[in-house]
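Residue strings, one per chain:
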Amino acid sequence: MQTVAIVVSLTLTVIAIPYVAYAVSKMLKVIRVGGPATGRTDQPVARTVTMLKETFLHTRMLQWTYVGLMHWFVYLAFVILASAVLAGYFQLFDPSFVLPIIGHFFLFEWVSEGIGLLGTIGIIALIIVRQKNHPRGLGRRSRFFGSRFWQAYFVEAFVLLESAAILFIRGAEYRLLLLEGSEYGNRFHFPIAGYVGDLLFSGLGEQGLENAIFAIAMIKVSLAMIWLMIIASNLTMGIAWHRFTAFFNIWFKRESDGSTALGGLEPIRINGKALDMEALEDLEEEDFEKLGVGKVEDFSWKGILDFTTCTECGRCQSQCPAWNTEKPLSPKLLVMGLREHAYAKAPLLDADPETLTDEQKRELERPLIGDEDLFGVIDPDVLWSCTNCGACVQQCPVDIEHVDHIDDMRRFQVLVESNFPTELNNIFKGLERKGNPWGMNPKHRMDWAKDLDFEVKQVGVDVESLDEVEWLFWVGCAGAFEDRAKKTTQAVAELLNTAGVDFAVLGDGETCTGDPARRAGNEIVFMQLAMENAEVLKETKAKKVVSTCAHCFNTLKNEYAEFGIELEVVHHTQLLNRLVREKKLTPVAPGAGAAETGKTITYHDPCFLGRHNKVYEAPRELLEVIPGATFAEMPRNSEKSFCCGAGGARMWMEENLGSRINVNRTEEAIATGADQIAVGCPFCRVMLSDGLTAKQDSGEAREEVEVLDVAQMLLAAVKRDPSEAAADVVKEAEAATASAVEAEPNAADRANPDSISDTADAGPPADTHTKPEEVTGTSEEVPKDDPAPTSQEADEKAAAEHDVPLADSGAAKEAVDGGGASTQASREELAPEAETTDAAPDEPASEKESSAWDNVGAVNTDLLPDSPASSAGDGAPTPDPEPEEGDVTESETEAVPASDDGPGSGDDADPQEASPAEEPAPAPAPAPETEPVEEDAREEESGEQPTASATPVAGDGEIVAVEDAPTTEPTSPDSAPLSEANPSGADVSEAATSLGRDDETDTDGGSARS
């Protein structure tokens, strides 16, 4: 038996060792096909410590406690197995052989037997886990969907046999030592294997026991050699090769401090150097093909090592929001596909084309990105389904950098191929032209602060530099333009003001950080925006920044260092939590029986705040200190939180495949029974709000459930009056921050009918587009060339009766101002919908486009042109038609823009020559005067569209809804086509289109609106 065992074992070893060596050389050759990977060898001590922690301690595997523990047993058994196989070679010649020094050391013996037993238990448990989660029963819901099962079964069987072999051979050794009378032949040295020996080998004599040891040693050695030869024949067998490559993949991970490859993206590197915008023009033509990854060999060698190491465990797949909503993207399958292609193509790169088969030529020419018809490696739908949430990277036990690889491929598609989803055209245009993804006018970045009851300092206006304040409040594009996000901005500003924090904003000096462009693959636009912002931050001496947007926070914190900016960047929840701890903000408990008492709050972790930057506790601590509320976690929270669906530029792309990610997350939030869903990112708020609306519309969610930012909820608690027993926390939050959107009118808001004069009594409205002497139609006919009779006393009496302020001349102020503040206020009270509805598009609006103004709201009320006069003939203003009996009075329907040649306009206008205007209905509260319109802007605007009332009036005196009125507003040929993008995507794009027309008329920087 001994001879057979020796011959078989050594023969297999002689075959296996060189074969494995050759396989390893082939693997290294494939990995070297990749380009250079910069910064992967710094801090070698820290990298080594990280590698040992993640391998020997299984710190990342233990994110799944039970499975991680079982795998740890198997891993340790594999390590011990290496020493057992080594000892097996010697036992082929001497059955009593033990390793020198430690061979009979009881701790080594206990550990060997304990690990052998635990490894056996562990692999059996993992086999059960795999079978319970088999795709045959779960389909796509199985994390093993797409994994190669024969490879898994082979590895599991090998580990089971080898782990058990440790106990078998130790049991035979125990019986042999016991027969020989050795001092080591007792239960102390064989605490587990002694029982195995008594069970299996108790009837054997000395020769039989020696033969048993020879046989078991041969089995151990033979199994090991067969295993090595099989994996050497399958270089893409990651479930086996990761036992060797994982050590290197972890050591060479992107971050030397041991953190995951999240946060900032790596810059584009050409020949190992980061892309420099100034040197872009000097690049060789072939270098432009390296803007991103267009071929598998364009990946770095670390990227190909990533592919090689993938274990096909499916943890990434189980957490991926795209895969969990029936989209084609699986991080695991993407990496597996890239691995198969790399190992098929790399050996052919240096081969003689004449020797290649047709199949090899096809593989060599195979496009990296392409659908099935193009025989592409990665389908475009797979590439563009990614939200960059980082769940795959967070979950991967061997530190594969999925997000970096996906965004590198996107870069090539955008910058080189110009092949990307059409919805991205709008955000690229908006970012390039206006510095924000919605294409809104930068001069409106401070609109959110208009109605606050304190001054918000602006750099360059109120302070010269940020040295004069403590914090720069980075508002962000969403915080400046998107209605729901503006409420968060206002809440944070009010809380900082309440706490006595000295802060300032950049106003129109701020542009988008570039996150949407970079995550969409447009690195050039990102760099332009980042360089512009970096210059502003340097000039303003910014040092400490607080941001409400998780995407801005991540970009400023992790990506601006490459542009020479070093900032202390915090999220608003972090700063607010600090202020609460310092007692500068004190939440107030609700009064007894108040509506907010007993409310339940759940919190959604923004991906770019949580996984990308590890900020989990600050927002939760804030929510837990809100008196009268109960905090409830969603099942998927913190590191395992589920994405809202807006990251990776998906905010502006429609979800045409599978179900909606935001609805999936909303369902989970609703299931907690929460009354409020708290968020810490404007993108998350938009997505979850829309998901909640969909569920409320279908009756699957209570109407009182709300989505609010943490700051709004804290502000409501800080400003709460304990004596208000029936106060509602949601209404308090909205009331504390509402300034962007006008409230819908109700009966109480309307003017007193007794104070409204009839048209016949008050006279016709003053026509601001005609000269004073051309106004006609008073109740008593007045000669054309004579001014209407008037007196100071009569004017004062009429004004007192109708609560109308007088100009210095004594005439009604509305007439002097050309239908200014009061008329405007009346129009806002009676027809607010006219201010939030744009002209109807030429094409039928989609469901999302039709609700655009719900998302943008007051952003656009300032952007819509307000009934400019149209040009006629040679440009002379056309007078308004005289009102007919039964028509609604002008004060109730529209505000007439002031004109330089109308009454009350211009420095040389004589107010005494103005005809008395019809007195409008007084508004409930006086409104501020509107700014006069610059003449050139008004004339340009009047040349573009005819006069249109904010609320059209039908011939019979009925008010016609804006949406039912015919539109005469032209559509600019430069306007980007609208798409059904996610909320605040196509919706705000429509507003941006309207704004673009506004900007074209605003040539002198003045307002082109009345």
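Residues numbered from 1 in each chain as written. Predicted model: local features only at pLDDT ≥ 70, side-chain atom pairs only at ≥ 80, totals over all residues. Heavy atoms only, no water.

A few words now on the overall build of the protein. Helix and strand content of the protein: 39 helices and 13 strands. Expressed as a percentage of contacts within the protein between residues at least 6 apart in sequence, the contacts between residues at least 24 apart total 79%. On the protein, roughly 42300 Å² of surface is accessible, and the fraction owed to carbon and sulfur atoms is 54%. (Helix = DSSP H or I, 4+ residues; strand = E, 2+ residues; numbered from the N terminus. Contact = heavy atoms within 4.5 Å. Areas by Shrake-Rupley, 256 points an atom, 1.4 Å probe, with all protein chains shown as cover.)

Working definition: two side chains of opposite charge can pair if their charged atoms are close together. Within the structure shown, the criterion is met by 54 salt bridges. Where E655 meets K327, a salt bridge forms, and the shortest distance between an N and an O atom there is 2.9 Å. With a gap of 328 residues between them, E655 in the loop between β9 (629-631) and α26 (661-671) and K327 in the loop between α12 (315-319) and α13 (331-345) connect regions that are remote in the sequence. Here E655 falls in the buried class, since its relative accessible area comes to 8%. (Salt bridge = Lys/Arg side-chain N within 4 Å of Asp/Glu carboxyl O. Buried < 20%, exposed > 50% of the residue type's maximum accessible area, 1.4 Å probe, protein only.)

Attention shifts here to helix α27 (residues 682-697). Along its 16 residues, α27 runs 22 Å from first to last C-alpha, staying within 8% of the 22 Å computed at 1.5 Å per residue. Counting buried positions along α27 gives 13 out of 16 residues, so the element sits mostly inside the fold. Within two residues after α27, G699 carries a phi angle of roughly 80 degrees, on the positive side. (Expected span 1.5 Å × (residues − 1).)

Bringing the side chain of D675 into the picture now. Within the fold, D675 resides in the loop between α26 and β10 (676-679). Side chain to side chain, D675 and R702 meet in a polar contact 2.9 Å long. In this structure D675 touches G598, K599, T600, R702, E704, V705 and E706, once residues within four positions along its chain are discounted. (Polar contact = N/O pair within 3.5 Å; in protein donor to acceptor, adjacent residues only side chain to side chain.)

With that out of the way, let us pick up the sheet that holds strand β6 (residues 544-547). Taken together, five strands build an open sheet; the order of strands is β3-β5-β4-β6-β7 and the sheet is parallel. Lying at the two open borders of the sheet, with one neighbouring strand each, are β3 (457-458) and β7 (568-571). As judged from the two bridges shared by β3 and strand β5 (residues 503-505), these two strands associate in the parallel manner. Looking at β5, one finds that K457 is bridged to A504. (Pairing = 2+ DSSP bridges.)

Now for the pairing of strand β8 (residues 599-603). When you tally the buried positions in β8, you get five out of five residues, the bulk of the element. Both β8 and β9 contribute to a ladder of three bridges, which runs parallel. Across the sheet, the residue bridging to I601 is F631, located in β9. Taken together, β8, helix α25 (residues 617-624) and β9 constitute a β-α-β crossover, and its handedness is right-handed. Examined bridge by bridge, β8 and β10 share three bridges and lie parallel to one another. (Right-handed = clockwise from strand over helix to strand, strands pointing away.)

A word on the packing of aromatic side chains. Think of a pair of aromatic rings as described by two things: how far the centres are apart, and how the planes are tilted against each other in angle. Evaluated as defined, the whole model comprises 25 aromatic pairs. Here the aromatic rings of F149 and Y153 are separated by 5.8 Å at their centres, their planes lie at 55 degrees, and the arrangement is tilted. Taken together, the positions of F149 and Y153, both in helix α6 (residues 149-180) and four residues apart, correspond to about one turn of that helix. For F149, a relative accessible area of 14% translates into the label buried. Members of the aromatic cluster, connected to one another through ring pairs, are F78, F158, W227, W241 and F244. Above the ring of F149, the side-chain terminus of R130 is found at 5.9 Å from the ring centroid. (Phe/Tyr/Trp six-rings, centres within 6.5 Å; stacked < 30°, edge-to-face > 60°. Lys NZ or Arg CZ within 6 Å of the ring centre and 35° of its normal.)

Another aspect to go through is the environment of Y22. Note that Y22 resides in helix α1 (residues 2-32). Y22 sits 210 residues away from A232 along the chain, and the two C-alpha atoms are 8.3 Å apart.

Okay, the UniProt feature "transmembrane region" (unreviewed entry) in the protein next. Per the UniProt annotation, the sites labelled "transmembrane region" (unreviewed entry) are residues 6-24, 69-90, 110-129, 150-169 and 212-235. Note that residues 6-24 is 100% helix and 0% strand, and that its end C-alpha atoms are spaced 27 Å apart. A helix fraction of 100% and a strand fraction of 0% characterise residues 150-169, whose end C-alpha atoms lie 28 Å from each other. (UniProt positions renumbered as here; feature names shortened; annotations may be inferred.)

Contact geometry for α6 and helix α9 (residues 238-251): axes closest at 9 Å, N-to-C directions at 55 degrees. With respect to α9, the element α6 is oriented oblique. Between α6 and α9, the residues in contact are Q151, A152, V155 and V159 and I239, A240 and R243, respectively. (Axes fitted to C-alpha atoms, helices over the stretch in contact; angles between N-to-C directions. Parallel < 35°, antiparallel > 145°, perpendicular 65-115°, else oblique.)

Looking now at the nonpolar core. If you look at the biggest cluster of nonpolar residues, it comprises 187 residues, and the most contacted ones within it are M409, W448 and L537. For this core, the element with the highest residue contribution is helix α22 (residues 523-539), accounting for nine residues. Ranked by size, the runner-up nonpolar core spans 14 residues in total, among them A5, A172, I213 and I216. (Core = buried A, V, L, I, M, F, W, Y, C linked by side-chain atoms within 4.5 Å.)

Bringing a negative patch on the surface into the picture now. Together, E284, E285, E286, E289 and E417 make up a negatively charged patch on the protein surface. Turning to its location among the elements, E284 is positioned in the loop between β2 (273-274) and α10 (285-288). (Patch = residues over 30% accessible without salt bridge, like charges linked within 9 Å, V, L, I, M, F, W, Y side chains within 5 Å. Lys, Arg positive; Asp, Glu negative; His and termini not counted. Charge placed at Lys NZ, Arg CZ, Asp CG, Glu CD.)

Below, the discussion takes up unusual backbone geometry. Phi at E326 is positive, roughly 65 degrees, even though this residue is not glycine. Here E326 lies in the loop between α12 and α13. One non-glycine residue, S418, adopts positive backbone phi at about 50 degrees. For S418, the position within the fold is in the loop between α17 (402-415) and α18 (424-434). On the basis of relative accessibility, which here comes to 53%, the residue S418 falls in the exposed class.

In this structure, E423 sits in the loop between α17 and α18. This buried residue, E423, is left without a salt bridge; R650 holds the nearest opposite charge, at 6.3 Å.

The subject of this paragraph is the sheet that holds β9. On the basis of which strands lie adjacent, the open sheet formed by four strands has the order β9-β8-β10-β11 and parallel pairing. If you trace the sheet from one side to the other, it starts and ends with β9 and β11 (706-709), each paired once. Strand-to-strand twist of the sheet, defined as the mean angle between neighbouring strand axes without regard to direction, takes the value 35 degrees. The pairing of β10 with β11 spans four bridges and is classified as parallel. Pairing of Q676 across the sheet is with E706, part of β11.

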